[in-house]
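Inside the fold
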Amino acid sequence: AEAIVQAEEGMKLLQQHFSQHKRWVAHSLVLRGECRLEIARRSPDQRQAMVNAAAEDLNQAIHLHVTADGPDHPDLVGPLILLGMVKLESNTVDAKKMLADALRFAVQTCE
């Protein structure tokens, strides 16, 4: 019985470690996405490739945040708003709706 308790405690610590690792990777992806969005704005010849790469980075970051902390965590606010901005940059049809949804989520999470 003691070994089972120790194993469960070890699993909890391991889960916390993996969640923190996901947060760090997600944060790095958000930063890279921001950089790519800035390159897209400054370099017309690289615009579409950088916009696509930024969207991919942000989608991965959002996925990692959700798996680490759940779908209602405040750390999702930044990547969601940034993804809306990326979609606006690429003139995606749903960009305004996505940005509005991200802002509503931000207000709800901060209340």
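Going along each chain's sequence as written, the residues are numbered from 1 onward. Under the rules for a predicted model, residues below a pLDDT of 70 receive no local features and side-chain atom pairs below 80 are neither given nor counted, while totals for whole chains, interfaces and linings still include all residues. No hydrogens and no water enter the side-chain calculation; it runs on all heavy atoms of the structure.

**Observations concerning the nonpolar core**
- Throughout, nonpolar core names a set of buried Ala, Val, Leu, Ile, Met, Phe, Trp, Tyr and Cys residues whose side chains join them through atoms within 4.5 Å. Exposure is judged per residue with a 1.4 Å probe applied to protein chains only, and the accessible area is read against the type maximum: over 50% gives exposed, under 20% gives buried, and values in between give partly exposed. One finds Leu58, Leu80, Leu83 and Val86 to be the most contacted residues of the largest nonpolar core, which totals 23 residues.
- The numbering of helices and of strands both runs from the N terminus, where a helix is a DSSP run of H or I of at least 4 residues and a strand a run of E of at least 2. At the level of secondary structure, the elements contributing two or more residues to this core comprise helix H1 (2–42), helix H2 (47–69), helix H3 (77–89) and helix H4 (95–110).
- For this core, the element with the most residues is H2, which contributes 8 residues.

**Observations regarding H2**
- Its 23 residues give H2 an end-to-end C-alpha distance of 32 Å, which sits within 8% of 33 Å, the value for a rise of 1.5 Å per residue.
- Within H2 the residues assigned to the buried category are Met50, Val51, Ala53, Ala54, Ala55, Asp57, Leu58, Ala61, Ile62, Leu64, His65 and Ala68.
- On its buried side, H2 packs onto H1 and H3.
- At the C-terminal side of H2, Gly70 shows a positive phi close to 100 degrees. Multiplying 1.5 Å by the helix residue count minus one yields the expected span of that helix. Contact definition: two residues touch when any of their heavy atoms are within 4.5 Å.

**Thoughts on the packing of H1 against H3**
- In this analysis, axes come from line fits to C-alpha atoms, helices being fitted only over the stretch in contact, and the angle between any two N-to-C directions falls in the range 0 to 180 degrees. The contact between H1 and H3 brings their axes to 11 Å, and the two run at 20 degrees. What the angle tells us is that H1 and H3 run roughly parallel. Judged by the sense of rotation from one axis to the other, the crossing of H1 with H3 is left-handed. Between H1 and H3, the contacting residues are Val30, Glu34, Leu37 and Arg41 on the first element and Pro79, Leu82, Met85, Val86 and Glu89 on the second.
- When residues are sorted by character, Ala, Val, Leu, Ile, Met, Phe, Trp, Tyr, Cys and Pro go into the nonpolar class, Asp, Glu, Lys and Arg into the charged class, and all the rest, Gly among them, into the polar class. In terms of residue class, the contact of H1 with H3 is made up of 6 nonpolar, no polar and 3 charged. Note on terminology: angles under 35 degrees are roughly parallel, angles over 145 are roughly antiparallel, angles of 65 to 115 are roughly perpendicular, and the others are oblique. Crossing handedness is read from the near helix: turned anticlockwise from the far helix by less than a right angle, it gives a left-handed crossing, and turned clockwise, a right-handed one.

**Focus: the pattern of salt bridges**
- In the sections that follow, a salt bridge refers to a side-chain nitrogen of Lys or Arg positioned within 4 Å of a carboxyl oxygen of Asp or Glu. This model, assessed by the stated rule, comprises 8 salt bridges.
- For Glu89, the salt bridge is made with Arg41, and the minimal N-O distance between the two is 3.2 Å. Placement of Glu89 in helix H3 and of Arg41 in helix H1 is noted, with a sequence separation of 48 residues between them.
- In this structure Arg41 comes out as partly exposed when scored by relative accessible area, which is 40%.
- Salt bridges linked by common partners bring Arg32, Arg36 and Asp57 together as one network.

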